[in-house]
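Commentary on secondary and tertiary structure
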Amino acid sequence: MLPIINIFGHEIATYGLIIFIGIFVGSTVAVMYYSKFQNVLKEDIIFAIIFGVLGMGIGGKILYLITCIPFLVENYANLNFSETILQLFKGGFVFYGGLIGGILGIYIYAKQFKIDFKKLILIIIPVVPLVHAFGRIGCFFAGCCYGIEYHGIGNITFHNTIFAPNNIPLFPVQIVEAISNLIIFVILMITYKKYQGTQKTVTLYCILYSILRFILEFLRGDAARGVILNLSTSQWISIFLFIVAICINIYYSKKRRLEKSIK
């Protein structure tokens, strides 16, 4: 749609600009709102977010490269090595890899400077869907992470992108995911006071997003996502994440009931 934007005579990738705006907005919400519920210095939240963003970039790229392995193996004989490597590193990121990498980045910061990792996560995780919503809007402008061919109401057609098929009506999966992430963000904000200090904020996010992502993967049209037994890499991760989140909730519920019975 608009992969490049011209600002004061300089060409800037729209995707990168929107991601930067999303990180800034999400960080502001974390520092100005969620920090009030946890005893963590605002400076530590900012630095933890920086570590998280670095981890997000590394993790997202690593999982993207992993999903490309089957294609590389299948087409090894026909590939130009140097050109392929360049295209891979120019290529996209996988959100789940970014989420894992981001959490590891925050953990490293917490461990290094002896800060409560759980409190940092309870501050930062609730703004992840907000930042992610901006990211999907960036995907829409770049034309990546596009939807399946679709001729119904609300279809979109790209005309000048190197990612999506041009001049073919597609399902607006990026916009749907952006709106859905915003809804998840609002739900987390509304329930945060009730769940503050517990794992439920994190597990609620994991449950809601894993369900959303599993469904939306059926509406994705891009092939660079990895497929195992007719499900994409992200769908398998969604299943795993959903099960883990449910198990954690069950475990803590039983633990709280046991503690109450002892009292």
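Our subject in this report is the structure included herewith. (Residues numbered from 1 in each chain as written. Predicted model: local features only at pLDDT ≥ 70, side-chain atom pairs only at ≥ 80, totals over all residues. Heavy atoms only, no water.)

**Here's the deal with the overall build of the chain**
Secondary structure assignment for the chain yields nine helices and six strands. Within the chain, the fraction of its 263 residues that count as buried is 43%. Looking at the chain as shown, the accessible area adds up to about 15000 Å², and 71% of this sits on carbon and sulfur atoms. (Helix = DSSP H or I, 4+ residues; strand = E, 2+ residues; numbered from the N terminus. Buried < 20%, exposed > 50% of the residue type's maximum accessible area, 1.4 Å probe, protein only. Areas by Shrake-Rupley, 256 points an atom, 1.4 Å probe, with all protein chains shown as cover.)

**Some words on the packing of aromatic side chains**
Across all of its chains, the model carries 17 aromatic pairs by this definition. Taking the centre distance of 5.3 Å and the plane angle of 70 degrees together, the rings of Y33 and F37 count as edge-to-face. Geometrically, the ring pair formed by Y205 and Y209 is stacked, given 6.1 Å between the ring centres and 15 degrees between the ring planes. Placement of both Y205 and Y209 in helix α8 (residues 200–216) is noted, with a separation of four residues, approximately one turn of the helix. (Phe/Tyr/Trp six-rings, centres within 6.5 Å; stacked < 30°, edge-to-face > 60°.)

**Focus: the environment of I124**
When you line up the elements, I124 lands in helix α5 (residues 117–124). C-alpha of I124 to C-alpha of V202: the two residues are 78 residues apart in sequence and 9.7 Å apart in space. Non-local contacts of I124, meaning those with residues more than four positions away in its chain, are made with A48, I49 and I106. (Contact = heavy atoms within 4.5 Å.)

**Some thoughts on the layout of surface pockets**
Put simply, the second largest pocket is a space of about 600 Å³. Lining the second largest pocket are 24 residues, with I103, V202, C206, L241 and I248 positioned closest to its centre. Residue contributions to the lining of the second largest pocket peak at eight residues, all from helix α9 (residues 233–262). Residue composition of the lining of the second largest pocket, by class: 18 nonpolar, four polar and two charged. (1 Å grid on protein atoms, 1.4 Å probe; cavity = no way out; pocket = protein on both sides within 12 Å on 5 of 7 lines; lining within 4 Å. Points joined across faces, edges and corners; volume = space filled by probe spheres on them. Nonpolar A, V, L, I, M, F, W, Y, C, P; charged D, E, K, R; others polar.)

**A look at the packing of helix α4 (residues 95–112) against α5**
Packing of α4 against α5 brings their axes to within 9 Å, and their N-to-C directions diverge by 140 degrees. By the angle between their axes, α4 is oblique relative to α5. Once α4 is placed against α5, the crossing between them reads as right-handed. Listed contacts from α5 to I103, I106, Y107, Y109 and A110 of α4 are F117, L120, I121 and I124. (Axes fitted to C-alpha atoms, helices over the stretch in contact; angles between N-to-C directions. Parallel < 35°, antiparallel > 145°, perpendicular 65-115°, else oblique. Left-handed = near helix turned anticlockwise from the far one by under 90°.)

**Some words on helix α1 (residues 14–32)**
Think of an α-helix as turning once every 3.6 residues; residues three or four places apart then point the same way. Between its first and last C-alpha atoms α1 spans 27 Å; for 19 residues at 1.5 Å apiece the expected length is 27 Å, and the two agree. Those residues of α1 that sit buried are T14, I18, I19, G22, I23, G26, S27, V29, A30 and V31. (Expected span 1.5 Å × (residues − 1).)

None of this, on its own, says anything about what the molecule does.
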